[in-house]
Amino acid sequence: MNELVEGLNERARALRYAVSRISLTPLLVRAGIFLTVLVGFLVAYPVQAFTPRSLLALAVAAVLPAVGPRRVWPTFAALVTVGGWLLATLGFDRPPALWRLLAVAALLYLAHTLCALAALLPFDAVVDPDLVFRWLTRAGGVVLASAVLGVVLAWLGGAGGESASQAVTVAGLLVAVGLSALLGWLLRRR
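Predicted model only: the values in this text are computed from it and were never measured.

Enquirer: So what exactly am I meant to see when it comes to the overall build of the chain here?
Expert: Along the backbone of the chain there are seven helices and zero strands. Its C-alpha atoms give the chain a radius of gyration of 21 Å, clearly above 16 Å, the size a compact globule of 190 residues would have. In terms of principal-axis extent, the alpha carbons of the chain reach across some 80 × 50 × 25 Å. Across the 190 residues in the chain, those meeting the buried criterion constitute 28%. Contacts in the chain between residues at least 24 apart in sequence constitute 69% of all its contacts with a sequence separation of at least 6. Of the roughly 12800 Å² of accessible surface on the chain, 71% is carried by carbon and sulfur atoms. Charge centroids of the chain, computed over 15 positive and 8 negative side chains, lie 5 Å from each other.

Enquirer: I tried to follow helix 3 (residues 52-67) on my own but got confused; where do I start?
Expert: Each α-helix turn comprises 3.6 residues. Residues three or four places apart therefore point the same way. The end-to-end C-alpha distance of helix 3, which contains 16 residues, comes to 23 Å, matching closely the 22 Å that a straight helix rising 1.5 Å per residue would cover. Those residues of helix 3 that sit buried are S54, L58, A61, A62, P65 and A66. Seen end-on, helix 3 carries its buried residues on one side only, within an arc spanning 145 degrees. Looking at helix 3, the residues exposed on the side facing more than 90 degrees away from the buried face are P52, R53, L56 and V67. As for helix 3, its buried residues are in contact with helix 2 (24-44), helix 4 (73-91) and helix 5 (98-120).

Enquirer: For this particular structure, what's the right way to read unusual backbone geometry?
Expert: Where the residue is not glycine, phi is negative for most of them; where a peptide bond is considered, it is trans in most cases. Of note in the backbone geometry, D93 takes a positive phi value of approximately 55 degrees without being a glycine. Residue position: D93 is located in the loop between helix 4 and helix 5.

Enquirer: Would you mind going over the nonpolar core with me for this structure?
Expert: Where a protein is soluble and globular, its nonpolar side chains tend to be buried together. Judged by nonpolar contacts, the single largest core of 22 residues is most densely connected at V29, I33, V37, F41 and L117. Those elements that provide at least two residues to this core are helix 2, helix 3, helix 4, helix 5 and helix 6 (129-159). Ranked by size, the runner-up nonpolar core spans five residues in total, among them A44, W85, V104 and L107.

Quick notes on the rules
- Residues numbered from 1 in each chain as written.
- Predicted model: local features only at pLDDT ≥ 70, side-chain atom pairs only at ≥ 80, totals over all residues.
- Heavy atoms only, no water.
- Helix = DSSP H or I, 4+ residues; strand = E, 2+ residues; numbered from the N terminus.
- Rg over C-alpha atoms; globule rule 2.2 N^0.38 Å.
- Buried < 20%, exposed > 50% of the residue type's maximum accessible area, 1.4 Å probe, protein only.
- Contact = heavy atoms within 4.5 Å.
- Areas by Shrake-Rupley, 256 points an atom, 1.4 Å probe, with all protein chains shown as cover.
- Lys, Arg positive; Asp, Glu negative; His and termini not counted.
- Charge placed at Lys NZ, Arg CZ, Asp CG, Glu CD.
- Expected span 1.5 Å × (residues − 1).
- Arc of directions from axis to C-beta.
- Core = buried A, V, L, I, M, F, W, Y, C linked by side-chain atoms within 4.5 Å.

Have a look at this one:
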């Protein structure tokens, strides 16, 4: 019995030591993950689905990737977000507005990139704030370029009726295949 108490005391001391070493920047990155995922849930889900119990479940689902960014939780949060989008568009017949689609896509990407950053940062890391700023600037550039391309493709899709919509779909698929090929070539080049 004495060994059990001694083991628990040792674990409590180790936990207190680890908590005392937490630095501000990794903590802020993880708070950013939580807020990004939660706002993504709020944008994706229909208002009719919000009850106190569902909001609590969504808050817990938003905490999980912030606590464990190296685990399966970021993927789980992304699937919950996509599930909310599908629930809103298919279950509640909410028309898919372009601004909402762009916002959900941007929030999914930002949550993903913040989880990647948090996975690299230990809790006690001393991080130059310029590193986080450059990381977020790069992510903002990707979000902006994707949003501009999405708006242009949506505009082109509505310009010529049904035939233009098919042409834009094919063009979008070609762009996706081209980007995948480019990324594959860049990875092999290293």
